[in-house]
Amino acid sequence: QVDLVESGGGLVQPGGSLRLSCAASGSIFKINDMGWYRQALGQQRELVARITRGGKTRYADSVKGRFTIDRHNAKNEVYLQMNSLKPEDTAVYYCNADVERALWDQGQVYWGQGTQVTVSS
């Protein structure tokens, strides 16, 4: 009953910027960690950025200094600001969240459907 929906993807030129959004809805008691992953064509899915409920972040080395993850806990939303985009950033970007559906729930990982980001001239 938990749904994650990504938005904000599209086509952008190298050096450009995009801001991805992910909204969680459904049976949500509390969301712990949230993150962004990406999967390029023919490649494995990889971590891009993670953020705890308290705001602690970590990033893949390939995006440090260029991407910023942030969240709005009250809205159950997480964002990824992507600057200085490179063709190598082209991938489907997926939202991820550790969701507790009730007080007694230990939590479960949920995934969004993905949004395409294409960096090309």
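Residue indices begin from 1 for each chain and proceed along its sequence in written order. pLDDT decides what is reported in this predicted model: residues at 70 or higher carry local features, side-chain atom pairs at 80 or more are listed and counted, and totals for whole chains, interfaces and linings draw on all residues regardless. To obtain the side-chain values, all non-hydrogen atoms of the structure were used and water was disregarded.

(A) Fine view of the overall build of the protein chain. Each helix corresponds to a stretch of at least 4 residues labelled H or I by DSSP, and each strand to a stretch of at least 2 residues labelled E; elements are numbered beginning at the N terminus. A tally of helices and strands in the protein chain yields 0 helices and 11 strands. Helices (α) and strands (β) of the protein chain occur, in sequence order from the N terminus, as β-β-β-β-β-β-β-β-β-β-β. Each radius of gyration reported is based on C-alpha atoms, and the globular scaling rule is 2.2 Å times the count of residues to the power 0.38. Whereas a compact globule of 121 residues would reach a radius of gyration of roughly 14 Å, the protein chain reaches 14 Å, a difference of no more than 12%. Counting only C-alpha atoms, the protein chain reaches 50 × 25 × 25 Å along its principal axes. Summarising the internal contacts of the protein chain: among those between residues at least 6 apart in sequence, 56% fall at separations of at least 24. We call two residues in contact when some of their heavy atoms are within 4.5 Å.

(B) Layout of the pattern of salt bridges. Each reported salt bridge corresponds to a side-chain nitrogen of Lys or Arg within 4 Å of a carboxyl oxygen of Asp or Glu. Counting across every chain of the model gives 7 salt bridges. The salt bridge partner of Asp70 is Arg19, with a shortest N-O separation of 3.5 Å. Here Arg19 lies in strand E3 (residues 18-25) and Asp70 lies in strand E7 (residues 67-72), a separation of 51 residues in the sequence. The partly exposed category is assigned to Arg19, whose relative accessible area is 38%. Salt bridges sharing partners connect three or more residues here, namely Arg38, Glu46, Arg66 and Asp89. Under the scheme applied here, a residue whose accessible area is under 20% of the maximum for its type counts as buried, over 50% as exposed, and between as partly exposed, the area being computed with a 1.4 Å probe on protein chains only.

(C) How the structure looks around the nonpolar core. We define a nonpolar core as any set of buried Ala, Val, Leu, Ile, Met, Phe, Trp, Tyr and Cys residues linked to one another through side-chain atoms lying within 4.5 Å. In terms of nonpolar packing, the biggest core is built from 30 residues, with Trp36, Leu80, Met82 and Tyr93 touching the most fellow members. Of all the secondary structure elements, the ones that give two or more residues to this core are E3, strand E4 (30-39), strand E5 (46-51), E7, strand E8 (77-82), strand E9 (91-100) and strand E11 (115-119). Counting residues per element, this core draws most heavily on E9, which supplies 5 residues.

(D) Spotlight on the packing of aromatic side chains. Pairing of aromatic side chains requires ring centres within 6.5 Å, counting the rings of Phe and Tyr and the six-membered ring of Trp. Pairs whose planes differ by under 30 degrees are stacked, by over 60 edge-to-face, and all others tilted. Throughout the structure, instances matching the rule amount to 1 aromatic pair. A centroid spacing of 5.0 Å and a plane angle of 65 degrees characterise the contact between Tyr37 and Trp111, whose relative ring orientation is edge-to-face. Of the two residues, Tyr37 is situated in strand E4 and Trp111 in strand E10 (residues 108-111); the sequence distance between them amounts to 74 residues. Residue class for Tyr37 comes out buried when judged on its relative accessible area of 18%. Between the NZ or CZ atom of Arg45 and the centre of the ring of Tyr94, over which it lies, the distance is 3.7 Å. Only lysine NZ and arginine CZ atoms are considered, and such an atom sits over a ring when it is within 6 Å of the ring centre and within 35 degrees of the ring normal.

(E) Representation of the state of the cysteines. Any two cysteine sulfur atoms within 2.5 Å of one another count as a disulfide. Following the criterion strictly, the structure yields 1 disulfide and no others. The disulfide that involves Cys22 links it to Cys95, with 2.0 Å between the sulfurs. Disulfide Cys22 to Cys95: torsion about the S-S bond roughly -85 degrees, handedness left-handed. One end of the pair, Cys22, is in strand E3; the other, Cys95, is in strand E9, with 73 residues separating them in the sequence.

(F) Geometry of unusual backbone geometry. Of note in this structure, Asn76 is not a glycine but carries a positive phi near 55 degrees. If you trace the backbone, Asn76 turns up in the loop between E7 and E8. According to the relative accessible area criterion, Asn76 is partly exposed, its value standing at 21%. Unusually for a residue other than glycine, Ser84 sits at a positive phi of about 50 degrees. If you trace the backbone, Ser84 turns up in the loop between E8 and E9.

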